Every structure is written in structure tokens, then in C-alpha cells.
Amino acid sequence: MSIYPTYKLGDVASSTKGKKPKSVSKEKTDGFEIPYVDIKAFEKGIVDNYTDGENCTFCKPDDVLIVWDGARCGFVGRGVEGAIGSTLAKISSDKYTNDFLFYFLQSKYKVLNSNPRGVGIPHIEPNLLWNFEIPDVDKTTQHAIVTRIETLFAELDKAVQHLRTAQQQLKTYRQAVLNHWLNNEDGKWEMVKLGEVAEKIQIGPFGTQLHKSDYINGGIPLINPMHISNNKIQPDKSFSVSEEKYKELSNYYLQKDDVILGRRGEMGRCAVVSEKEDGMLCGTGSLYIRGGSAFCADYLCKLLCSQKIIMYFENASSGTTMSNLNRGIIENCEIPLPPLAEQQRIVKEIESRLSQATASETCIENALQQAEALRQSILKKAFSGELI
């Protein structure tokens, strides 16, 4: 509960929606010099398109932008100049500084993102946004609140950076261990193409088989790369299909000991399907490999996330905007194939050396989640009057 009196946000702020320009260019050229600002531009500083400015809404670096449409609705950003993308909006207020407004909206991201309007493509729910209660404080107090937030965030960012550095060091160590046990430099194991020995390689259903309207909450989960972390599967019941649709997709049923692999974006995301995920669906961004009698599933999984195989995937993958594995790339992937007993021994050796690293990675992930929770706590206290 805030100690400050409040306004409804809609009484003191307004939005200006972005527009799709008539013309865009992938390159910055004469006549196309204005950055087209999307989420990527204000989150990562990467501009993919430029426009001539016709039929556009413009923003300056100090403006507060919010994602209005799509899965990230409610996400806020700033720091760019250009033409506002059609899925974004600019939020402005005469009463509040942009810094104050930015942090206030940042504190509401989870609420906005969890309660969108629309079933297919989510959008910000205007009735929710404009009814948020924003503190009625003068600009001197606004500045003091922002200064306190940024001081605490700077300290938190330092701690997070240390965690990220340790995370990267563990990742490097993990690859060194995998490389040592899987490189086959002396040629003692037979090299084979994965397609020649695997029982089955199946890419997840395509768009013609699975539409946005088929997704439901609480059905049978689909597993995509976003559900794979540290070689473990973390199903999400909100990303699922009905039993009726499930019956139409029998080719994509996962079985225990299948190795599921993300085929888009970051390469090397893979995991062994356990009894818990048996019967779930391979998602549209994934594929699964059923090794059969030739493989120990854990050995195959470790191979697929080793640096050598990742480099092969990255070099061979198709797609101009992001890596995209196809069946041919997987089938032609050359791998060492020791006897089954040797595979099991290798897995045991690797896991004995990586067990502590895995525990440390889990601790780091937990600490990063706690850091994000602390960030939200700081924002909550800031706008309830508990920081100054």
C-alpha cells in the first residue's frame, strides 16, 4: 500500500501507437536513414530495418516505449531514436518525468504480461494499464525516487555480472570436459553419420499441422527449445494442445530415452526424455532422435551439445535470420560411435566430473532468479514510499 496519494495512470498519461511504414530497407541508404524501432532495437541496440519516415510515428532516446502487441506485451524500453514499430507504443505524461514513468511501468510488466487482451496474439489490456495507480509526487521527489532505484540497481547489476561471469566459466569448463572425452582424436572409434544408425529422426510438426488456435492451457505439453535448460526438460502446461489434436500428431509423440534437440536459434539445446515426459509432443521448434540399440541416450545427448557438433550445426544450418536445422543436416552429422559399454563408461566419467559444475550452475540460476525478484521488490517499495 502506497503512502502517497495517487492518480489513475490514464488521467495523467497517454499513449501513441507505432505504425507500419510504407517502405523499409534492410540497409541504411539514402532515403532510408531512419531506424525502425522494435523490441530488439531498444532491448539490444540492434536495428534490422530502416525507413524513409512516411506514415511513421517517431521517438527520441528519452521516450518511454512499451510493447503493445505480442508475447512480450508490457515490456518497456527506451534509449533509441527512430520510427516506432507497429507493435509498440510511446507513453508520455506532462506530470511525470520519463525516468519515473519508465520505472513505474517496468514495475507493472508481470501484471500486464500475465493479463493480456486477446486469445491469438496477446495485446495490452487498456483497462488494466490505465487504471494503475501512480503516486502523486512532485518532480523533485520523482527524481529522488529514480536516483535511489538506480543506485540499488547498479549494485544489483554488479552482483549479476559476477554471476554471469561464473556461469560462462562453468560453460567453458563443461565444454572442455566434453571435448576431452568425446573428441576421438586417436580414431579408435568408428565415425558414422547419425542418419545411418539412428532408429528415427523426426522434426516437430509444421505450421500446416499445428495452428495458433490449437494451443490451449492445461493440455498435453509440447516441448520446444524454451523448455530445455541445462540438458533438462521443463514442461509448461500453458504451452499445450487438446487430446483431440494430440491424437492427430502421433508421429511426434516423445518416448523415454529419445533425445530432443532444439532446431532453431541457439544450437546445442538438448535433453534426454525421461518417464515424466514420455508421451508429450515434440514442438514445432524441436526435433527428436530415437537412437535405438546403437546408442546410450545420455551419450548421444552429450555429443549433441559438445562444441564440435554445435559448430557443425551452426555452419550447416539453413535460414537467413536464425539457425534452423533440417533433416539433412542431422542425418549427415558425423559422430564417433564406440561400443555401448564404452558409451556408458564415457557418460559415467563425464558426469562424475560435471556433477559439481551442475550443482554450481543450479546455484547460479537460483541466485539470478533471486536477483530478479529483488529488482521487482525494489520497484515495488519505490512506488509505495518505502525507499525514501
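All values derive from a computational prediction rather than experimental measurement.

Novice: Give me the lowdown on the overall build of the chain, citing residues and values where you can.
Specialist: The number of helices and strands found in the chain is 12 helices and 23 strands. For the chain, the spread of C-alpha atoms along the principal axes amounts to about 75 × 50 × 45 Å. Going through the 388 residues of the chain one by one, you find that 45% of them count as buried. Across the chain, every contact between residues at least 6 apart in sequence was considered, and the portion connecting residues at least 24 apart equals 74%. Charged side chains in the chain number 46 positive and 49 negative. The centres of these two groups are separated by 2 Å.

Novice: An account of the sheet that holds strand E21 (residues 281-282) is needed here, citing residue identities and associated values.
Specialist: The strand order across the open sheet built from 4 strands is E14-E18-E15-E21, with neighbouring strands paired in mixed fashion. Each edge of the open sheet carries a strand with a single partner, namely strand E14 (215-216) and E21. Relative to strand E18 (residues 240-241), strand E15 (residues 220-223) is paired through 2 bridges, and the arrangement is antiparallel. Residue Ile220 lies in a different strand from E18, and its bridge partner there is Val241.

Novice: Lay out the nonpolar core with the relevant residues and their values.
Specialist: Most often, soluble globular proteins have nonpolar side chains that are buried together. Counting 45 residues, the largest nonpolar core has Leu194, Ile289, Leu304, Phe313 and Ile330 as its most contacted members. The dominant element in this core, judged by the number of residues it contributes, is helix H12 (residues 340-382), at 8 residues. Other than its neighbours up to four places away in sequence, Leu194 contacts Ile289, Phe295, Leu300, Leu304, Ile330, Glu331, Cys333 and Ile335. Counting residues in each nonpolar core, the second largest holds 34 residues, with Tyr4, Phe132, Val137 and Ala382 among its members.

Novice: Report on H12, specifying residues and quantitative values.
Specialist: Helix length check: H12 (43 residues) gives 59 Å between terminal C-alpha atoms against 63 Å at 1.5 Å per residue, within 8%. At Leu354, H12 shows its strongest bend, of approximately 45°.

Thresholds, definitions, all that
- Residues numbered from 1 in each chain as written.
- Predicted model: local features only at pLDDT ≥ 70, side-chain atom pairs only at ≥ 80, totals over all residues.
- Heavy atoms only, no water.
- Helix = DSSP H or I, 4+ residues; strand = E, 2+ residues; numbered from the N terminus.
- Buried < 20%, exposed > 50% of the residue type's maximum accessible area, 1.4 Å probe, protein only.
- Contact = heavy atoms within 4.5 Å.
- Lys, Arg positive; Asp, Glu negative; His and termini not counted.
- Charge placed at Lys NZ, Arg CZ, Asp CG, Glu CD.
- Pairing = 2+ DSSP bridges.
- Core = buried A, V, L, I, M, F, W, Y, C linked by side-chain atoms within 4.5 Å.
- Expected span 1.5 Å × (residues − 1).
- Bend = angle between axes of the 7 residues up to and from the residue.

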